[in-house]
Structures are given as structure tokens and as C-alpha cells.
Amino acid sequence: MENVVIIGTGCAGLTAAIYTARANLNPLVITGMMPGGLLTTTSIVENYPGFPDGIDGYELMTRMQKQAEKFGARVKFGEVESVEVAQRPFTLTVDGEKVSTQTIIIASGAGHRHLGLKSEDLLEKKGVTYCATCDGALPVFRNQPLVVVGGGDSACEEATYLTRFASVVYLVHRRDTLRASKIMAERTLAHPKIKPVWDSVVTEVLDAKLDKVTGVRLKNLKTNAESELACAGVFVAIGHVPNTQLFKGVIDMDDAGYIAPKRGTETNVPGVFVAGDCSDHVYRQAITAAGLGCAAAIDAERYLAKINQ
Ligand code: NAP
């Protein structure tokens with residue numbers, strides 16, 4: 001039987017792995033279908049402390065995994081298909097195999113909601129991105145017109161952040177009022193570099209044939225008029241989707257599917273802990289996920305010490 005199974009190998013999962021491994025708990029870490037998590041899709045990470053010259057997202061995650069393995073974590077490629085937490089030990093099914101464990105740390109992360117366009121997929125990382133903090137400062141976006149899609153706090157935050165680099169930021173929103181909080185909306189709309197494009201959706205990112213972003217095709221939902229807008233980058237900020245489907249009905253979560261911890265990283269099921277983006281819709285940074293992974297590991301370690309007294 002396992003002491004601890006960690007679900008997810010993003011910053012939260014791998015930090016939890018480092019800490020539980022150093023506590024001699026010999027953790028089993030299940031990667032999920034995206035080993036390394038969302039950060040592996042980023043080019044250069046410039047805001048993770050300790051790397052003054054930035055670090056490639058993929059490399060950062062590879063290093064974290066190495067660090068966890070050095071202390072005895074076992075990282076297994078696979079997907080958790082089901083979890084049974086009604087009685088202890090808990091049982092997980094991983095690619096058809098049953099695994100029993102005393103504790104679980106859920107660090108399954110979140111995915112960016114996509115527009116669902118073929119051109120969006122083709123141009124991802126070639127001008128289409130889902131993270132202004134990660135990619136906004138790249139040379140390709142400097143002094144160029146940029147498009148942000150969305151009308152929530154994230155879109156406002158992304159648009160405002162991008163004004164540091166862009167010549168102009170077009171905020172494309174499908175309605176004519178922002179969903180964002182009043183203060184964020186007012187600040188965003190008052191910014192001289194941000195130009196809202198109301199009632200509009202992106203129907204195509206241009207130009208997949210050139211293998212880079214040159215603009216977007218837009219449709220006005222009120223008039224059905226189509227138009228094109230030149231830009232060097234498209235930042236999609238239409239929300240996140242926490243990867244928590246698996247735990248629905250078992251672990252308490254909010255209406256949006258984010259797992260709601262009771263105290264610290266504890267969930268409603270004693271022995272099941274949560275860390276990172278699957279429980280955090282506010283900060284969503286590599287460093288905050290890592291911090292929560294550390295906290296979950298410490299909580300799990302203390303819980304094990306208590307039940308095994
Ligand atoms: P959100 O509030 O759910 O907003 C998503 C936005 O994207 C909405 O404006 C929505 O349009 C639009 N949208 C959704 N699907 C779309 C689609 N398929 N095509 C075009 N547009 C689409 O998500 P969020 O902005 O990521 O915020 C999530 C949560 O985190 C919120 O509670 C927010 O307050 C919080 N947050 C807080 C801060 C902060 O306080 N600093 C920063 C970021 C996020 P509609 O409005 O028409 O639905």
C-alpha cells in the first residue's frame with residue numbers, strides 16, 4: 001500500500017513529491033496526460049524565483065521531476081480513471097490497475113479554455129497564447145498590435161499587462177459589457193492603449209498558411225458583419241477549466257469545478273489534500289502552485305503521522 005499518491009506533475013504535484021519524498025514517504029506520482037502540466041506549454045518562465053535569466057517551462061518541470069526522483073519519488077506516466085475515497089485505504093484506478101493508498105494529494109491543475117478554432121490550434125505558440133504573464137514580453141509582441149479575447153477579470157488583467165509591450169491592445173468581447181469586476185473593468189477601459197471591440201467573436205486566427213499570427217477575422221454578433229484586424233498576437237483569456245471531473249460528487253468543489261479546501265489544503269475527505277490550479281482560480285502562478293504543493297505535502301505527512309501513531 002502507498003503512503004501517498006500525488007495526482008499531477010505540474011508545479012504543485014512535483015513540489016508535493018519533493019517534500020513527501022524527503023519525508024521518506026516514497027510517493028507515487030501519476031503524471032496525467034500532460035506530464036509537467038501547463039507550464040510545459042510556455043516558452044520562457046521569467047517570474048519563477050531563482051532564475052534571473054528565465055528558464056524554459058519544459059526544463060523547469062524536468063528539473064523539478066529530477067529533484068523529486070532524487071529523493072525517492074516514483075513518477076509513473078498514466079491517467080487516473082477513478083477514485084474511491086468512501087473508505088480507507090483509498091483506491092485509485094490508474095490505467096486499469098488498482099492502487100491503494102493512505103493519502104491522496106490532488107494536483108490535477110487546470111486547462112485554459114480554448115476558443116475551439118482550428119486556426120487557434122495550428123498557431124498555438126506561434127502567436128496564439130493563453131498567458132500574458134508568461135509570453136507577453138517576447139520580442140515578437142513588442143510594439144505590435146495585440147488582441148486579447150474575453151471580458152472577465154483575466155482578460156482585463158492580460159490586456160492591462162500587455163500595454164507595457166504592445167502598441168495597442170484590442171480587447172475582443174462577445175458582449176458590450178465586461179464581466180470583470182467594476183474596478184478592473186473601469187481601469188481597463190480607461191487605459192489609452194486598450195481599445196474594446198464589443199459584441200464580437202474571433203472566427204479565425206490569421207494566418208495558418210504563413211505559420212504565424214498576422215491578424216484575426218471577427219464577426220459582430222449584433223450585425224453579423226465580418227471584419228479583419230491586424231495583430232501580431234492573440235491572447236485567449238476566456239476562463240479556465242479545472243481538471244476535476246474525476247472527483248465530482250466525491251470531493252467538495254465550487255460551481256466552477258474548483259476544489260474547495262476546508263482548512264489549509266484539506267478537502268472534505270480526511271486524508272485527501274488538494275494543491276495548485278485545480279483549487280485556485282485567483283493566483284494561478286507557478287510559484288503559488290509550488291507553495292501549495294509544499295503545504296499539501298506537509299499536511300499529508302502530519303496526517304499520516306497522526307493515523308499511524
Ligand atoms: P470568467 O470570469 O469566467 O470570464 C470569462 C470571459 O470569457 C467572459 O467574459 C466570457 O464572456 C468570455 N468567454 C467565455 N467563453 C467564451 C467563448 N467561447 N468565446 C468568447 N468569449 C468567451 O473567467 P476569468 O476572467 O478567467 O475569471 C475567473 C475567476 O477568477 C473569476 O471569478 C474572476 O473574478 C477571478 N479572477 C480574479 C482576478 C483578480 O481579482 N485580480 C483576476 C483574474 C481572475 P461572457 O462575459 O459573455 O460570459
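Visitor: Tell me what's going on with the sheet that holds strand β14 (residues 200-206), and back it up with residues and numbers.
Guide: Strands belonging to one sheet form pairs held by backbone hydrogen bonds; the direction of such a pair is parallel or antiparallel. Sheet architecture is open: three strands sit in the order β14-β15-β16, paired in antiparallel fashion. Each edge of the open sheet carries a strand with a single partner, namely β14 and β16 (226-230). The sheet shows a mean angle of 30° between the axes of neighbouring strands, direction not considered. Across five bridges, the pairing between strand β15 (residues 215-220) and β16 is antiparallel. Bridged to Val216 within β16 is Leu229.

Visitor: So what's going on with the packing of helix α1 (residues 11-22) against helix α7 (residues 286-307)? Which residues, and what values?
Guide: A pair of packed helices can be characterised by two numbers: the angle between their axes and the separation between those axes. Running from N to C, α1 and α7 point in directions that differ by 40°, and their axes come no closer than 7 Å. One finds that α1 runs oblique with respect to α7. Crossing geometry of α1 relative to α7 is assigned as right-handed. Of the residues in α7, those in contact with Cys11, Ala12, Thr15, Ala16, Tyr19 and Thr20 of α1 are Ala286, Ala289, Ala290, Gly293, Cys294 and Ala297. Tallied by class, residues from the contact of α1 with α7 come to nine nonpolar, three polar and no charged.

Visitor: Explain the side chain of Thr163 residue by residue, including any values.
Guide: Assignment of secondary structure puts Thr163 in the loop between α5 (153-162) and β12 (168-172). At 2.5 Å, the side chain of Thr163 forms a polar contact with the backbone oxygen of Thr160. In this structure, Thr163 is in contact with Val169, His191, Lys193 and Ile194, ignoring residues within four places of it in sequence.

Visitor: So what's going on with the packing of aromatic side chains? Residues and values would help.
Guide: All told, the structure shown has four aromatic pairs when counted by the stated rule. With a centroid separation of 5.9 Å and 70° between ring planes, the pair formed by Phe273 and Tyr303 is classed as edge-to-face. Separated by 30 residues along the polypeptide, Phe273 in strand β19 (residues 272-274) and Tyr303 in helix α7 bring together distant segments of the chain. Taking relative accessible area as the criterion, Phe273 reaches 2% and is therefore assigned buried.

Reading the values: rules and limits
Residues numbered from 1 in each chain as written. Predicted model: local features only at pLDDT ≥ 70, side-chain atom pairs only at ≥ 80, totals over all residues. Heavy atoms only, no water. Pairing = 2+ DSSP bridges. Helix = DSSP H or I, 4+ residues; strand = E, 2+ residues; numbered from the N terminus. Axes fitted to C-alpha atoms, helices over the stretch in contact; angles between N-to-C directions. Parallel < 35°, antiparallel > 145°, perpendicular 65-115°, else oblique. Left-handed = near helix turned anticlockwise from the far one by under 90°. Contact = heavy atoms within 4.5 Å. Nonpolar A, V, L, I, M, F, W, Y, C, P; charged D, E, K, R; others polar. Polar contact = N/O pair within 3.5 Å; in protein donor to acceptor, adjacent residues only side chain to side chain. Phe/Tyr/Trp six-rings, centres within 6.5 Å; stacked < 30°, edge-to-face > 60°. Buried < 20%, exposed > 50% of the residue type's maximum accessible area, 1.4 Å probe, protein only.

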